[in-house]
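Survey of secondary and tertiary structure
The residues making up each chain are set out below.
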Amino acid sequence: MAFIEIDNVSYSYDDERNALGGVSFGIDAGEFVSVLGSNGSGKSTLAKLMNGLLVPRSGEVRVNGRPTSDAKSLADTRCLVGMVFQNPDDQIVASTVEDDVAFGPENLGIDPAEIRERVARSLAQVGLEGLEGSSTHALSGGQKQRVAIAGALAMQPQVLILDEAESMLDPRGRRDLMRICEELHGRGIAIVLITHSTEMAMLADRILVLDQGALVFDGTPQHALTRIGDFDLLGLDVPFALRLSRKLEERGMPLEPQVGIDALADEIMRYSKS
Ligand code: ADP
Ligand code: MG
């Protein structure tokens, strides 16, 4: 049994058109999955279905074996599946970092000493140790996003969903975010990285692609590379390095397709020495 089971799930906001239609897959404990899709493909709808913010119109979502439609398990589900959204400013609720990260556990009525421990531990996990007393308004976008992640971690989730959490960050903020995802994955937390960036998605162990509310691909990044032409048709960006490695291959340079520019440079060097 997968930790999150999406079982033939459909959802509609207006009864006319499905935002998500007949989607089935599972997320295992400890996996690192990315969900890739163009604007309006159903990514955020799927994210909200996975932590019980939305309940399917038909089909079932089960978290740790319990349907999200079961009102009694909703509070548990929200703890087990943490969410970080796109806009860092929308997620900060308190004026100091400590109060912000403590917000969730306080609502659960957890003992203050335990909350302080969780806050310190969560901040350390996102590289913001010692910033408890800082004002949240003074933080950069990337730092705010890390505070939002720390707030989710303070609930001790098994799964962390990041819904285009990188999209308002600069390249450095994105790199920091990816490093944190990798570290959390290393600690056994499952990561669901929702993005419209093909390049970011390739960093996961498994890629799901949504198109107009349907799941159109579920496989490894390596397999995804062989289907990258299809991604173009789905309105997704194809990374420059990948387009270039394809072009070079077409002109008689049999390179392994590469997503990153450094990896492509290495591959070209390897080819030219062979
Ligand atoms: P994505 O996150 O991939 O951009 P969404 O899940 O937000 O996609 O949206 C999927 C579809 O559902 C889109 O057609 C969008 O217009 C529609 N939709 C999303 N949220 C709402 C809403 N609150 N009310 C009505 N329609 C919505
Ligand atoms: Mg979205």
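The sections below set out a description of the structure shown in this document.

**Description of the site of ligand 1**
If you check the shell around ligand 1, you find Tyr13, Arg17, Ala19, Ser38, Asn39, Gly40, Ser41, Gly42, Lys43, Ser44 and Thr45 and nothing else. Between an oxygen atom of ligand 1 and a main-chain N or O atom of Gly42, the distance comes to 3.1 Å. At 2.8 Å, a side-chain N or O of Lys43 approaches an oxygen atom of ligand 1. Its free accessible area being 550 Å², ligand 1 has 59% of it covered by the protein chains.

**What about the pairing of strand β8 (residues 190-195)?**
The buried fraction of β8 is high, at six of six residues. The alternating pattern of β8 places Ala190, Val192 and Ile194 and Ile191, Leu193 and Thr195 on opposite faces, both of which are buried. The sheet contact formed by strand β3 (residues 32-36) and β8 spans five bridges and is parallel. Bridge pairing links Leu36 to Thr195 in β8. Here five bridges tie strand β7 (residues 159-163) to β8, and the two strands are oriented parallel to one another. What sits directly across from Ile161, in β8, is Val192.

**Focus on the side chain of Thr68**
With respect to the helices and strands, the residue Thr68 is situated in the loop between β5 (66-67) and α2 (74-80). By relative accessible area, Thr68 is classed as buried at 3%. Residues within four places of Thr68 in sequence aside, it is in contact with Leu49, Gly52, Val55, Pro56, Val61, Val63, Leu74 and Thr77.

**Points about the layout of surface pockets**
Of the voids in this model, the largest pocket is the one considered here, and its volume is about 590 Å³. Contributing to the lining of the largest pocket are 24 residues, with Met83, Gly104, Gly151, Ala152 and Met155 lying nearest its centre. Secondary-structure elements contributing two or more residues to the lining of the largest pocket are α2, β6 (81-84), α3 (88-91), α4 (97-107) and α6 (141-153). Of the residues forming the lining of the largest pocket, the biggest block, five residues, is contributed by α4. When grouped by side-chain class, the residues that make up the lining of the largest pocket number 15 nonpolar, six polar and three charged. Taken as a whole, the second largest pocket holds about 300 Å³ of empty space.

**Description of the pattern of salt bridges**
Two side chains bearing opposite charge may form a pair once their charged atoms approach each other closely. Across all of its chains, the model carries 17 salt bridges by this definition. When the shortest N-O distance is used, the salt bridge between Arg62 and Glu5 registers 3.1 Å. Of this pair, Arg62 sits in strand β4 (residues 58-63) while Glu5 sits in strand β1 (residues 4-12), and the two are 57 residues apart along the sequence. Across the pair, Glu5 and Arg62 agree in class, each one buried. Here Glu267 makes a salt bridge to Arg270, at a shortest N to O gap of 2.8 Å. Linking Glu267 with Arg270, this pair stays in helix α12 (residues 261-273), spanning three residues, or about one helical turn. Arg270 gets classed as partly exposed once you look at its relative accessible area, which sits at 47%. Three or more residues are tied together by salt bridges with common partners; here these are Glu5, Asp7, Glu60 and Arg62.

**Quick look at the environment of Gln158**
Structurally, Gln158 is set in the loop between α6 and β7. Judged by relative accessible area, which is 37%, Gln158 ranks as partly exposed. Through-space distance from the C-alpha of Gln158 to that of Ala190 is 6.2 Å; in sequence the pair is 32 residues apart. When sequence neighbours within four positions are dropped, the list of residues in contact with Gln158 reads Phe3, Leu80, Ile189 and Ala190.

**Observations concerning unusual backbone geometry**
A positive phi angle, near 50°, is found at Asn8, a position not held by glycine. With respect to the secondary-structure elements, Asn8 resides in strand β1. Of note, Glu164 is a non-glycine position whose phi angle comes to about 50°, a positive value. Take Glu164: it is sitting in the loop between β7 and α7 (171-186).

Calculation rules
- Residues numbered from 1 in each chain as written.
- Chains lettered and ligands numbered in written order.
- Predicted model: local features only at pLDDT ≥ 70, side-chain atom pairs only at ≥ 80, totals over all residues.
- Heavy atoms only, no water.
- Near = heavy atom within 4 Å.
- Polar contact = N/O pair within 3.5 Å; in protein donor to acceptor, adjacent residues only side chain to side chain.
- Areas by Shrake-Rupley, 256 points an atom, 1.4 Å probe, with all protein chains shown as cover.
- Buried < 20%, exposed > 50% of the residue type's maximum accessible area, 1.4 Å probe, protein only.
- Helix = DSSP H or I, 4+ residues; strand = E, 2+ residues; numbered from the N terminus.
- Pairing = 2+ DSSP bridges.
- Contact = heavy atoms within 4.5 Å.
- 1 Å grid on protein atoms, 1.4 Å probe; cavity = no way out; pocket = protein on both sides within 12 Å on 5 of 7 lines; lining within 4 Å.
- Points joined across faces, edges and corners; volume = space filled by probe spheres on them.
- Nonpolar A, V, L, I, M, F, W, Y, C, P; charged D, E, K, R; others polar.
- Salt bridge = Lys/Arg side-chain N within 4 Å of Asp/Glu carboxyl O.

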